[in-house]
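What follows is each chain in one-letter form.
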Amino acid sequence: MSTKGPALCCDIGKSARDLLYKDYSSDQKISFTTFSETGVAISSSLANKGGISHGDVAAQYKYKKATVDIKADTETTLEAQYLHQHASFTTAVGLNKSPAVDFSATIGTPTIAFGAEASYLIACRAFSKYTAGVSLSKPDSSAAVILCDKGDTIKASYLHHLSKLNGGAFVGEVSRRFSTNENTLTVGGSFVVDPQTTVKARLNNHGNLAALLQHEISPKSTFTLSGALDTKTLQKEPKFGLALSLKP
């Protein structure tokens, strides 16, 4: 991503999403990533979910503004990006029997950006998704409004970095699904315990509480312990997750 131009469409609201949802899990997972001198990244992971184990292997090759992703299930995706001072474009196509074409565009600056993305199923001759959003970014805060789920859901988020939390942050997100008239308010925060340890938590108006502790065991390698609890039905057992990510 270019620091002199607008973010990619998929990055609109990403900081808030990552703080609220990234790395939370109720599964047990281990992943390992290696990098070759030619720029190929190979990732493998093994996860246990509900007593069922499954794994995958993926490779990614980047050359200038083009990216090729290959997965072990023979699914191959060819992706290209174009980054400009006032615009960014991406397109990706699946190289399989029923390919989907993804494309996105963003215009603006690093401070304010407008973007849209869509996915078109060639076999069905129909759009499987389309999303539009706008973001406003400052050195210590960011805000975003996103219309997603084919226009059925609108989300607004705000993130503010707090120096009193040693580099932590506070985030709030409001979403509304028009088809069900359901409104959800989610708040969360992160606290940097020390340079290697971060604690995060989130709570929504439906009573869903989650927290995690992430520790960097070596540069780029982390161990994460997370848990989730429905505060409105305390008779249900809380869920716990473990994740180990290893990178050289």
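Here the structure is a predicted model, which means the values were calculated and not measured.

Residue position: Lys 62 is located in strand β3 (residues 52-63). On the basis of relative accessibility, which here comes to 51%, the residue Lys 62 falls in the exposed class.

As a further point, take unusual backbone geometry. Of note, the phi angle at Lys 150 is positive, near 55°, even though the residue is not glycine. Note that Lys 150 resides in the loop between β10 (141-148) and β11 (153-162). The exposure class of Lys 150 is partly exposed, given its relative accessible area of 43%. Phi is positive for Lys 220, which is not a glycine, with a value near 75°. Checked against the element boundaries, Lys 220 lands in the loop between β15 (208-218) and β16 (221-230). A relative accessible area of 56% means that Lys 220 is categorised as exposed.

Per the counting criterion, the structure on display carries three aromatic pairs. Measuring from ring centre to ring centre gives 6.3 Å for Tyr 82 and Phe 89, while their planes differ by 25°; the resulting arrangement is stacked.

Turning to the side chain of Ser 135, a few remarks are in order. By the secondary structure assignment, Ser 135 is in strand β9 (residues 126-138). A relative accessible area of 11% places Ser 135 in the buried class.

So, about the side chain of Thr 90. With respect to the secondary-structure elements, Thr 90 resides in strand β6 (residues 87-94). In terms of polar contacts, Thr 90 uses its side chain to reach the side chain of Ser 104, at 2.4 Å. Every residue in contact with Thr 90, bar those within four places of it in the chain, is listed here: Leu 8, Ala 80, Gln 81, Asp 102, Phe 103 and Ser 104.

By the element assignment, Tyr 120 lies in strand β8 (residues 112-121). With 123 residues separating them along the chain, Tyr 120 and Ala 243 place their C-alpha atoms 34 Å apart. With residues up to four places along the chain from it excluded, the contact list for Tyr 120 reads Pro 99, Ala 100, Val 101, Phe 103, Arg 125, Ala 126 and Phe 127.

Here is what the cut-offs are and how they apply
- Residues numbered from 1 in each chain as written.
- Predicted model: local features only at pLDDT ≥ 70, side-chain atom pairs only at ≥ 80, totals over all residues.
- Heavy atoms only, no water.
- Helix = DSSP H or I, 4+ residues; strand = E, 2+ residues; numbered from the N terminus.
- Buried < 20%, exposed > 50% of the residue type's maximum accessible area, 1.4 Å probe, protein only.
- Phe/Tyr/Trp six-rings, centres within 6.5 Å; stacked < 30°, edge-to-face > 60°.
- Polar contact = N/O pair within 3.5 Å; in protein donor to acceptor, adjacent residues only side chain to side chain.
- Contact = heavy atoms within 4.5 Å.

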